[in-house]
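Topology and contacts: notes
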Amino acid sequence: MTVGIVGAGQLGRMLALAGYPLGLDFLCLDPAADAPAGRVAPLLTGEFTDRRLLARLARECEVVTFDWENVPAASLRALRRGARRARICPPPAALACGQDRVNEKRLFARLGIPTTRWRAVDSHAALLRAIEGVGMPGVLKTRRLGYDGKGQAVVRTHAEATRAWELLGSAPLLYEEWVPFDCEVSIIGARGAHGETVVYPLCGNVHGDGILRLTVAPFGTPRWQRLAAAYLERVLAHFHYRGILTLEFFVRGGRLLANEMAPRVHNSGHWTIEGAQTSQFENHLRAILGLPLGASAARGHSAMVNLIGHMPPRAELLAQPGVHVHDYGKRPRPGRKVGHCTLVAPTAAGRDARARRLLARLAVGVRIP
Ligand code: AMP
């Protein structure tokens, strides 16, 4: 049974690695000939819009999924048309919604999921009106194609607003309040063929420069877990979803404000490979193939540290007891996620002590939440 993956980044690579024990084969599509999943699975090299290659994916795969949120939704819809109609999971409607911050916020509002206060912005005058309505400080964000903090500018003064407009104004935008959050969390869950769901323990996330640096799980209070899981279930049900879905939140004064959704396996869920009974990657495959979902309970207390820019010497990382290393085989570049480390401990205090040592060794200047 062959699973097609549109996008062959590290997420596609980890999906393939999770699928081989189940006897699955994979076929990926990516514009980059050296994409990480291409080292472990056959890769079709070409644009995401290449009709010929999309038709081949549809022909050769039982089901097609994607590993990047900016894959053109039209490409996935095209897969459903041809002579051999491919099954696409998760639903392209969820991908399309997540690609536009305004649509995403409107969906959250419709489903009764709290968000930041925001306004759509399509002119300098509209930005000034948005600032009046929402207040400062705020963040101006591109509606589309933003990830890892790209396409964003913080606005604290009117002068900064003008600069932000000059920087980003060529694309449709959204202005939202800056949230002085207590912490950031994400919730990850899977919905299977018959509407059954599993939800992982809440993740506590620390970002630097808009990029995820550290995740610890389980995290937060039972109330946060219940709230986040209930919001996730609403989005899963809304889309008749199949696969893994992630919601990210700001936590402020005990309230969860949804920041964004990712209709795919997520960086804040990498800890589940070693730290949960079934990894997010395996559960995504189980869900899209109509197999029973696996238990999502934590095996202990996990920390995941992203390796950004370059891979430190592997031996140095592995010299720390209990540290697992994932090297995505990517070329080093500033700000690029090239790998991650995970550790699992029997207690939260033990996990934090070991995570602190690992962060110090890696010279990652973040605090454990
Ligand atoms: P995003 O691309 O929207 O996920 O933003 C990346 C990161 O930037 C978030 O995880 C936050 O750490 C920070 N950020 C984005 N928007 C806001 C906001 N409105 N208030 C505070 N921090 C934000």
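This text follows the structure it describes.
First, a word on what this report is: a plain description of the structure on this page. (Residues numbered from 1 in each chain as written. Predicted model: local features only at pLDDT ≥ 70, side-chain atom pairs only at ≥ 80, totals over all residues. Heavy atoms only, no water.)

With that out of the way, let us pick up the overall build of the protein chain. Broken down by element type, the protein chain carries 12 helices and 18 strands. Relative to the globule expectation of 21 Å for 369 residues, the C-alpha radius of gyration of the protein chain, 20 Å, shows essentially globular dimensions. Projected onto the principal axes, the alpha-carbon positions of the protein chain cover approximately 55 × 55 × 40 Å. Roughly 15,400 Å² of accessible area belongs to the protein chain as shown, and the carbon and sulfur atoms make up 52% of that amount. (Helix = DSSP H or I, 4+ residues; strand = E, 2+ residues; numbered from the N terminus. Rg over C-alpha atoms; globule rule 2.2 N^0.38 Å. Areas by Shrake-Rupley, 256 points an atom, 1.4 Å probe, with all protein chains shown as cover.)

With that out of the way, let us pick up helix H5 (residues 101-110). Residues of H5 that are buried: Arg101, Val102, Glu104, Lys105, Leu107 and Phe108. The N-cap of H5, judged by a side-chain oxygen 2.9 Å from the amide nitrogen of valine 102 a few residues on, is aspartate 100. Glycine 112 sits one or two residues past H5 and shows a positive phi near 70 degrees. (Buried < 20%, exposed > 50% of the residue type's maximum accessible area, 1.4 Å probe, protein only. Polar contact = N/O pair within 3.5 Å; in protein donor to acceptor, adjacent residues only side chain to side chain.)

Our next topic: the site of the ligand. Among the 16 residues in the neighbourhood of the ligand, the closest are listed as Lys141, Gln152, Val179, Glu184 and Glu260. The contact in question runs from an oxygen atom of the ligand to an N or O atom on the side chain of lysine 141, over 2.8 Å. Within the contact set of the ligand, an oxygen atom lies 2.8 Å away from a side-chain nitrogen or oxygen of glutamate 260. Calculation on the ligand without its partners gives an accessible area of 470 Å², and the protein chains cover 94% of this total. The set of elements that each furnish at least two residues to the shell around the ligand consists of strand E7 (138-142), strand E9 (173-177) and strand E15 (255-262). Partitioning the shell around the ligand into residue classes produces 5 nonpolar, 5 polar and 6 charged. (Near = heavy atom within 4 Å. Nonpolar A, V, L, I, M, F, W, Y, C, P; charged D, E, K, R; others polar.)

With 44 residues, the main nonpolar core has Val235, Leu247, Phe249 and Met261 as its most contacted residues. Take this core: its biggest share by element is 6 residues, from helix H8 (residues 222-238). Ignoring sequence-local partners within four residues, the contact set of valine 235 consists of Leu107, Phe108, Leu111, Ile113, Leu245, Leu247 and Met261. Membership of the second largest hydrophobic core comes to 35 residues, among which are Leu11, Cys203, Ala217 and Met304. (Core = buried A, V, L, I, M, F, W, Y, C linked by side-chain atoms within 4.5 Å. Contact = heavy atoms within 4.5 Å.)

Attention shifts here to the packing of helix H6 (residues 124-134) against helix H7 (residues 158-168). At a minimum axis distance of 11 Å, the contact between H6 and H7 shows a crossing angle of 140 degrees. By the criterion of interaxial angle, the relationship of H6 to H7 is oblique. Crossing handedness for the pair H6 and H7: right-handed. For the pair H6 and H7, contact is made by His124, Leu127, Leu128 and Ile131 and by His158, Ala161, Thr162 and Trp165, respectively. Split into classes, the residues belonging to the contact of H6 with H7 amount to 5 nonpolar, 3 polar and no charged. (Axes fitted to C-alpha atoms, helices over the stretch in contact; angles between N-to-C directions. Parallel < 35°, antiparallel > 145°, perpendicular 65-115°, else oblique. Left-handed = near helix turned anticlockwise from the far one by under 90°.)

Let us now look at the packing of aromatic side chains. All told, the structure shown has 6 aromatic pairs when counted by the stated rule. With a centroid separation of 5.5 Å and 85 degrees between ring planes, the pair formed by tyrosine 20 and phenylalanine 26 is classed as edge-to-face. Among the residues examined, tyrosine 20 registers a relative accessible area of 32% and is labelled partly exposed. Of the residues examined, phenylalanine 26 reaches a relative accessible area of 3% and is grouped as buried. (Phe/Tyr/Trp six-rings, centres within 6.5 Å; stacked < 30°, edge-to-face > 60°.)

It is worth spelling out the sheet that holds strand E6 (residues 118-121) at this point. With antiparallel pairing, 4 strands are arranged side by side in an open sheet as E6-E9-E7-E8. Because the sheet does not close on itself, it has two edges, and the strands there are E6 and strand E8 (152-155). Recorded for the sheet is a direction-independent mean angle of 20 degrees between the axes of neighbouring strands. The pairing of E6 with E9 spans 4 bridges and is antiparallel. Each bridged residue has a counterpart across the sheet, and for arginine 119 the counterpart in E9 is tyrosine 175. In the packing of H7 onto the sheet, the strands contacted are E6, E7, E8 and E9, and the crossing angle to E8 comes to about 170 degrees. (Pairing = 2+ DSSP bridges.)

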